[in-house]
Amino acid sequence: MRAESNGTSRRILCVFPRYTSSFGTFEHSYPLTDGVRAFMPPQGLLLISAYLPKDWQVKFVDENLRHTTREEFEWAEAVFVSGMHIQRQQMNDICRRAHEFDLPVALGGPSVSACPDYYPSFDYLHVGELGDATDQLIEILSRDTSRPEGQMVLTTKDRVPMTEFPIPAYELADVKKYFLGSIQYSSGCPYQCEFCDIPGLYGRNPRIKSPQQIIAELDRLRECGMTDTVYFVDDNFIGNRKAAMDLLPHLIEWQKRTGYVVRLACEATLNIAKRPEILEKMREAYFITIFCGIETPDPDALKAMQKDHNMMVPILEGVRTINSYGMEVVSGIIMGLDTDKPNTSEALLDFVEESRIPLLTINLLQALPKTPLWDRLEREGRLVDDDGRDSNVDFLLPYDDVVASWKHAMGVAYEPEKVYARFQYQCDHVYVHRLKTPVPDEMRSWPNIRRGLVMLRNIFWKVGVLGDYKRVFWKFALGRIKRGDLEGLIGCTLIAHHLITFARAASSGRQNASNYSIRLREAAVPAE
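Residues numbered from 1 in each chain as written. Predicted model: local features only at pLDDT ≥ 70, side-chain atom pairs only at ≥ 80, totals over all residues. Heavy atoms only, no water.

Asks: Give a description of the overall build of the protein chain that names residues and reports values.
Replies: Looking only at helices and strands, the protein chain features 18 helices and 14 strands. What you see for the protein chain is a C-alpha radius of gyration of 23 Å, in line with the 24 Å of a compact globule of 528 residues. In terms of its C-alpha atoms, the protein chain occupies a principal-axis envelope of roughly 65 × 60 × 50 Å. When the 528 residues of the protein chain are sorted by exposure, 58% land in the buried category. Partitioning the contacts of the protein chain with sequence separation of at least 6, the portion at a separation of at least 24 is 79%. With an accessible surface of roughly 21700 Å², the protein chain has 51% of that area assigned to carbon and sulfur atoms. Of the charged side chains in the protein chain, 62 are positive and 71 negative, and the gap between their average positions amounts to 6 Å. (Helix = DSSP H or I, 4+ residues; strand = E, 2+ residues; numbered from the N terminus. Rg over C-alpha atoms; globule rule 2.2 N^0.38 Å. Buried < 20%, exposed > 50% of the residue type's maximum accessible area, 1.4 Å probe, protein only. Contact = heavy atoms within 4.5 Å. Areas by Shrake-Rupley, 256 points an atom, 1.4 Å probe, with all protein chains shown as cover. Lys, Arg positive; Asp, Glu negative; His and termini not counted. Charge placed at Lys NZ, Arg CZ, Asp CG, Glu CD.)

Asks: Break down the packing of aromatic side chains for me, with residues and values.
Replies: Given two aromatic rings, their pairing is described by the distance between the two centres and the angle made by the two planes. A full pass over the atoms with the stated rule returns 20 aromatic pairs. Ring centres of phenylalanine 237 and phenylalanine 287 lie 5.3 Å apart, and the angle between their planes is 50 degrees; on these two criteria the pair is classed as tilted. Remark: phenylalanine 287 occurs in strand E12 (residues 287–295) and phenylalanine 237 occurs in the loop between strand E10 (228–232) and helix H8 (241–258); sequence separation between them is 50 residues. Of the aromatic side chains, those joined through ring pairs into one cluster are Phe26, Tyr30, Phe39 and Phe179. Its end group placed over the ring of tryptophan 75, lysine 59 keeps NZ or CZ at 4.5 Å from the ring centre. In this structure, arginine 88 packs its charged tip against the face of tyrosine 118, placed 4.1 Å from the ring centre. (Phe/Tyr/Trp six-rings, centres within 6.5 Å; stacked < 30°, edge-to-face > 60°. Lys NZ or Arg CZ within 6 Å of the ring centre and 35° of its normal.)

Asks: Which residues make up the sheet that holds strand E11 (residues 262–267), and what are the values?
Replies: The strand order across the open sheet formed by six strands is E7-E10-E11-E12-E13-E14, and the pairing between neighbours is parallel. Every other strand in the sheet has two partners, leaving strand E7 (181–183) and strand E14 (360–364) as the edge strands with one partner each. Neighbour to neighbour, the strand axes of the sheet diverge by 20 degrees on average, direction disregarded. Pairing geometry for E7 and E10, over three bridges, is parallel. Paired with serine 182 across the strands is tyrosine 231, a residue of E10. (Pairing = 2+ DSSP bridges. Axes fitted to C-alpha atoms, helices over the stretch in contact; angles between N-to-C directions.)

Asks: Requested: an account of a negative patch on the surface, with residues and values cited.
Replies: Negative charge collects at one region of the surface, where Glu346, Asp350, Glu353 and Glu354 lie side by side. Note on placement: glutamate 353 falls in helix H12 (residues 344–355). Residue class for glutamate 353 comes out partly exposed when judged on its relative accessible area of 39%. (Patch = residues over 30% accessible without salt bridge, like charges linked within 9 Å, V, L, I, M, F, W, Y side chains within 5 Å. Salt bridge = Lys/Arg side-chain N within 4 Å of Asp/Glu carboxyl O.)

Asks: Give a detailed account of the sheet that holds strand E2 (residues 57–62), specifying residues and quantitative values.
Replies: Here we have six strands laid out as an open sheet, ordered E2-E1-E3-E4-E5-E6, and parallel in their pairing. Looking at which strands have only one partner, the edges of the open sheet turn out to be E2 and strand E6 (152–155). Taking the axes of each pair of neighbouring strands and ignoring which way they run, one obtains an average angle of 20 degrees across the sheet.

Asks: Residue-level account of a nonpolar patch on the surface, with values.
Replies: A grouping of Trp446, Ile449 and Leu453 is seen on the molecular surface, where their side chains present a nonpolar patch of about 330 Å² in accessible area. Tracing the chain through its elements places leucine 453 in helix H16 (residues 446–465). For leucine 453, a relative accessible area of 48% gives the class partly exposed.

Next up, the structure:
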């Protein structure tokens, strides 16, 4: 589906802002790869690009890959921008640069939808999802591309059904330069966790695409050069369990047709461990990773944050169950909760050791607008308006103590010996349960072999020779080499190197203590 045109042709420049360095962007892994320069293709701007009238010209720039050029601004008649809170500074900078060319700039996405007041300089604010506000913006620009006298806020009231979404314009993105592919199946989540803004932004009744749409998008990603792993960016892959079960057979057939070249990953609530029928189908579809928002191993804290569904099965048992289907668990963890105690960081580190989860995104609590947490803390007078802090929450424990506990947890959890020990456990007890598939001809091709050799060269030189934890690395690497598991060696080392490097910066205070923090730092992921 595309928007209708009144016969006017426009030139639209879509610019995605750089990320501020964060735990989840994996930028420290990029130098070990064969040319990866950014995390994932941005779904929002590529969707908008595909939705614009077919006679409109569109250019797309991801500033995680390169800066927007003067020539591109001079070419454009309007600029579209989208992003998250952590990209706030960079979004405002794009607006400033576009205004130097007197271009109207429209901003959409999750950050502006939650906090329109963060962006006073933009000409158009698109609040909400693809829908009537999008059509209104297109209609305005069809008539006139001069900047309006004052800011205009366009709010979606009637959303486009996801079954009518076009395939995102992946062809505009250089997908080979991304760490992961991205795809969206659903929007919304039925749960109401206190800290989460998803129900407030996208609703509690998940909206879904058809299986045929997903298969078409996967085919398009493959046509554009995406291999390796494709990440379902849905907030909860099993938000609609029936829909997930309907989709999985189609993914299984697609994997069989394409030779299991692509691995899949997603986000889901931990209670997926109670659904063996879903886990078995996910295994057959070659899902290898599930991000679970465990948040905390403390049952009292889970109850307080209205995340009781994490207690449908004991947490460690749930992790082991998911592992038994060959899927590695990645976990979100929050520190700074009202239920935290002075020894919370030690209890967390005990959980890390017991769970053997290699990658846990440990964040300080951040109150986001449009969440029950924000509303409660606002009533209690515990919201702090200070961009210099790592959190906008007035913790019950002393702020400096909470930040120190976070730094301690990051420093200990990601010591090289501990990280590689957890990855060794995954190799020995988790990856062995993955679906055994024949090696497709595509993987035996010279370009793919060359790619593997380039990554091995980079890893051996930058980690095995120049790295300061080379003994730990070689102990792990030699074990993988003896078993002929070069794929496991590469995959684990890419992630481990980022975790170790980022955690060192975090524990020394050189990184934000929350992926959602609005603390303004200079973007640390440079565009090339």
